[in-house]
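A structural walkthrough
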Amino acid sequence: MQLTDFLNASPTAFHAVENVRKALEGAGAVPLSEKDAWEIQAGRTYYVIRNGSALTAFHIPESPKGFRVYAAHTDSPSFKLKENPETAEGPYVRLNVEGYGGMLMSTWFDRPLSVAGRVIVKEDGELRQKLVLIDRDLLILPSLAIHMNREANSGYSYNVQKDMLPLLGCAASKGQLLKQAAESAGVREEDVLDYDLFLYVREPARVLGGAGELIAAPHLDDLECVSAGLEGFLSASFGGYISVLAFFDNEEVGSRTRQGAESTFLSDVMRRLKECLGCSEERYQRMIADSFLLSADNGHALHPNHPEKCDPVNRPVLNGGLLLKYAASQRYTTDGYAGAFVKELCRRAGVPFQVFVNRSDLPGGSTLGSHAVIQVPFPTADIGLAILAMHSCYETGGVWDYETLVKTAAAFFDEQ
Ligand code: CO
């Protein structure tokens, strides 16, 4: 699946995982359930999904030396529908939402929106999820006219409860939201027991720029890195290590959930592999000591209108190659050893790299690596691709960067 197709088909973490699952199945990977007993054979690829929104896939060689784990996150900032999603005060029907993650709120106004996620129904005595993707222009979040707020262009403080409830329509729209969500999931509305539904923007990914070198899309952070890791994994010939894709949910809200990077999901899978492979604890510890984690998440490119926000020396640009991220605070985990490992990896993969560090007077963001290492004590590097407008609902990246991450991931998994 091409990056743009993957982005367009993945409006939520649940869809991203489903699309990764389909691609893995297409390549012959074997599904495992955390509830069932596992039988594992060397030379094959397996995957396991937790809660529908996180996925771990692995390929095991004969006599593995250790692990090569590529992590990324499946979620993006959005707005989540609350229970009883419609509010119908007055003549309009709006959706009652709360914020998910740290989004740039202004970007959500005056563009067609819709709803996606999952509903939970009871089927054969079990609670099952059904994906929801209401595939039509459904909602809009209208700005307040300039005449009613003359200060609108001088900055505005958004209040989610007041400003961010999208308009479903007039009185005729009452009751439509859950009805259409159930329809989209192929279930009866009365069978929906609960749901996780999010707003998504209808604008698809687009390639632009004078030479077609820019991509603008929802969810580049971090589905660009999910897609590149997946492509790298699928094109790898695999070397002497257990190759692992670890796609976590909930990075945008701190990773501390049962399917987040700070959960035991990855370490649980590793421990089960140890059992299945009949590995002694001593041998397992030696494997852990010979392992590496690449935490792949997008970072900031030099902004064309705000170059002053960038470090004065390390100034990554769109289409400048793989991004290697450092922070003394260790919010980015890369240290000298891990940085050297990645630089060697880039040399092997034949791709250029560039460095991101925050300006020393800006705290910057954080990412997966520092959460994941709590459970898996590997040397870790934070890498990614440079983008603009991070956490806008429509972000901008470099078309030619994508391939550098695909090649880096493949070279990582191919290590002998
Ligand atoms: Co991210």
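Values in this document were obtained by computation on a predicted structure and should not be read as measured data.

**Examining the side chain of Gln354**
- Structurally, Gln354 can be placed in strand 17 (residues 353-356).
- In terms of polar contacts, Gln354 uses its side chain to reach the backbone carbonyl oxygen of Val317, at 2.8 Å.
- Within polar-contact distance, the side chain of Gln354 engages the backbone oxygen of Gly321 at 3.3 Å.
- Not counting the four nearest positions on each side in its chain, Gln354 is found in contact with Pro316, Val317, Gly320, Gly321, Leu322, Leu323, Leu324 and Ala386.

**A closer look at the coordination of the cobalt ion**
- Protein-derived coordination of the cobalt ion comes from His73 (NE2), Asp221 (OD), Asp297 (OD) and Asp297 (OD), at a distance range of 1.9 to 2.6 Å.
- Between the four donor atoms coordinating the cobalt ion, the angles at the centre fall across 53 to 141 degrees, so the site counts as irregular.
- Sequence spacing among the residues donating to the cobalt ion works out to H-x147-D-x75-D. One end of the pair, Asp221, is in helix 5 (residues 220-235); the other, Asp297, is in the loop between strand 14 (292-296) and strand 15 (299-300), and 76 residues separate them in sequence. The burial state of Asp221 is the same as that of Asp297; both residues are buried.

**A closer look at the pattern of salt bridges**
- Within this structure, the stated rule accounts for 25 salt bridges.
- The partner of Asp124 in a salt bridge is Arg128, and the shortest N-O contact between them spans 3.6 Å.
- Judged by its relative accessible area of 71%, Asp124 falls in the exposed class.
- Of the residues examined, Arg128 reaches a relative accessible area of 28% and is grouped as partly exposed.

**Remarks on the side chain of Ser291**
- With respect to the helices, strands and loops of the structure, Ser291 is situated in the loop between helix 7 (281-289) and strand 14.
- At 2.7 Å, the side chain of Ser291 forms a polar contact with the backbone oxygen of Met287.
- Beyond its immediate sequence surroundings of up to four residues, Ser291 is in contact with Gly66, Phe67, Arg68, Phe378 and Pro379.

**Overview of the packing of helix 8 (residues 336-349) against helix 10 (residues 401-414)**
- As a packed pair, helix 8 and helix 10 sit with axes 9 Å apart at the nearest point and diverge in direction by 105 degrees. Comparing the axis directions of helix 8 and helix 10 gives the class roughly perpendicular. Taken together, the residues of helix 10 that come into contact with helix 8 (itself represented by Phe341, Leu345, Arg348 and Ala349) are Lys407, Thr408, Ala411 and Phe412.
- Classifying every residue of the contact of helix 8 with helix 10 gives five nonpolar, one polar and two charged.

**Some details on the nonpolar core**
- Among the nonpolar cores identified, the biggest contains 54 residues, and Leu24, Tyr70, Leu294 and Phe413 are the most heavily contacted of them.
- Not counting chain neighbours up to four residues away, the residues in contact with Phe413 comprise Arg68, Tyr70, Gly229, Gly232, Phe233, Ala236, Phe238, Gly239, Ser243, Val244 and Leu245.
- Counting 32 residues, the second-largest nonpolar core is a separate cluster that includes Val121, Leu139, Ala181 and Ala182.

**Some thoughts on the sheet that holds strand 16 (residues 322-325)**
- Strand order in this open sheet of nine strands is 1-2-3-13-4-14-18-16-17, and the pairing throughout is mixed. The open sheet has two free edges, formed respectively by strand 1 (30-32) and strand 17, since each of these has just one partner strand. With strand direction ignored, the average angle separating the axes of adjacent strands in the sheet is 25 degrees.
- As paired elements, strand 2 (residues 45-50) and strand 3 (residues 54-59) share six bridges and run antiparallel to each other. Within strand 3, the position partnered with Ile49 by the bridge is Leu55.
- With respect to the sheet, helix 2 (residues 13-26) is in contact with strand 1, strand 2, strand 3 and strand 13 (242-248), its orientation differing from that of strand 3 by roughly 20 degrees.
- Docked against the sheet, helix 5 engages strand 2, strand 3, strand 4 (67-73), strand 13, strand 14 and strand 18 (380-384), running at close to 150 degrees with respect to strand 4.

**Overview of the sheet that holds strand 12 (residues 214-217)**
- Strand order in this open sheet of five strands is 11-12-20-19-15, and the pairing throughout is mixed. Edge positions in the sheet fall to strand 11 (206-208) and strand 15, since each has one partner strand and no second.
- Direction of pairing for strand 12 relative to strand 20 (residues 395-398): antiparallel, over a ladder of four bridges. Across the sheet, Leu214 pairs through a bridge with Gly398, a residue of strand 20.
- Lying over the sheet, helix 5 contacts strand 12, strand 19 (386-388) and strand 20, oriented at roughly 35 degrees with respect to strand 20.

**With respect to the domain arrangement of the protein chain**
- Each assigned domain of the protein chain is listed here: domain 1 (3-76 + 218-413) and domain 2 (83-201).
- Here the C-alpha centre of domain 2 lies 30 Å away from the C-alpha centre of domain 1.
- Between domain 1 and domain 2, the contact holds 21 residues from the first and 20 residues from the second.
- Buried area between domain 1 and domain 2, both sides added, is near 1,500 Å², and the carbon and sulfur share of it is 66%.
- The three residues of domain 1 that bury the most area against domain 2 are Phe14, His15 and Cys393, which together make up 37% of that side's buried surface.
- Inspection of the domain 1/domain 2 interface yields zero salt bridges.
- Our enumeration of links across domain 1 and domain 2 arrives at seven residue pairs in polar contact (both at pLDDT 80 or more).
- Its residues assigned to classes, the side of domain 1 that touches domain 2 comprises eight nonpolar, eight polar and five charged.

How each quantity is defined
Residue numbering note: each chain is counted from 1, following its sequence as written. In keeping with the model being predicted, local features are shown solely for residues with a pLDDT of at least 70 and side-chain atom pairs are shown and tallied solely at 80 or more, while totals for entire chains, interfaces and linings include all residues. Side-chain measures here rest on the full set of heavy atoms in the structure, leaving out hydrogens and waters. Put simply, DSSP marks the helices as runs of H or I at least four residues long and the strands as runs of E at least two long, and each gets a number from the N terminus on. Whenever a nitrogen or oxygen atom comes within 3.5 Å of another N or O atom, the pair is scored as a polar contact, on the condition that within protein one atom can donate a hydrogen and the other can accept it, and that pairs from neighbouring residues in sequence are kept only if both atoms are in side chains. We call two residues in contact when some of their heavy atoms are within 4.5 Å. Each metal's donors comprise the N, O and S atoms found within 2.8 Å of it (within 3.2 Å for Na, K or Ca). Water is not part of the atom list, so some coordination spheres may appear incomplete. By the criteria applied here, four donors are tetrahedral when all angles lie between 85 and 135 degrees, four are square planar and six octahedral when opposite donors are over 155 degrees apart and every other angle lies between 65 and 115, and any other arrangement is irregular. With a 1.4 Å probe rolled over the protein chains alone, any residue whose accessible area is under 20% of its type maximum counts as buried; one over 50% counts as exposed, and the rest are partly exposed. Salt-bridge detection follows one rule: a side-chain nitrogen of Lys or Arg within 4 Å of a carboxyl oxygen of Asp or Glu. Geometry is summarised by axes, namely lines fitted to C-alpha atoms with helices restricted to the contacting stretch, and by angles between N-to-C directions that run from 0 to 180 degrees. Here is the rule for angles: anything less than 35 degrees is roughly parallel, anything more than 145 is roughly antiparallel, 65 through 115 is roughly perpendicular, and the remaining ranges are oblique. The residue classification treats Ala, Val, Leu, Ile, Met, Phe, Trp, Tyr, Cys and Pro as nonpolar and Asp, Glu, Lys and Arg as charged. All others, Gly included, are polar. The criterion is simple. A nonpolar core is a set of buried Ala, Val, Leu, Ile, Met, Phe, Trp, Tyr and Cys residues joined through side-chain atoms within 4.5 Å. At least two DSSP bridges between two strands are required for those strands to pair. Domain boundaries shown here were taken from an automatic or database domain assignment. A quick way to say it: buried area is the sum, across both parts, of accessible area lost when two parts are put together, with a 1.4 Å probe.

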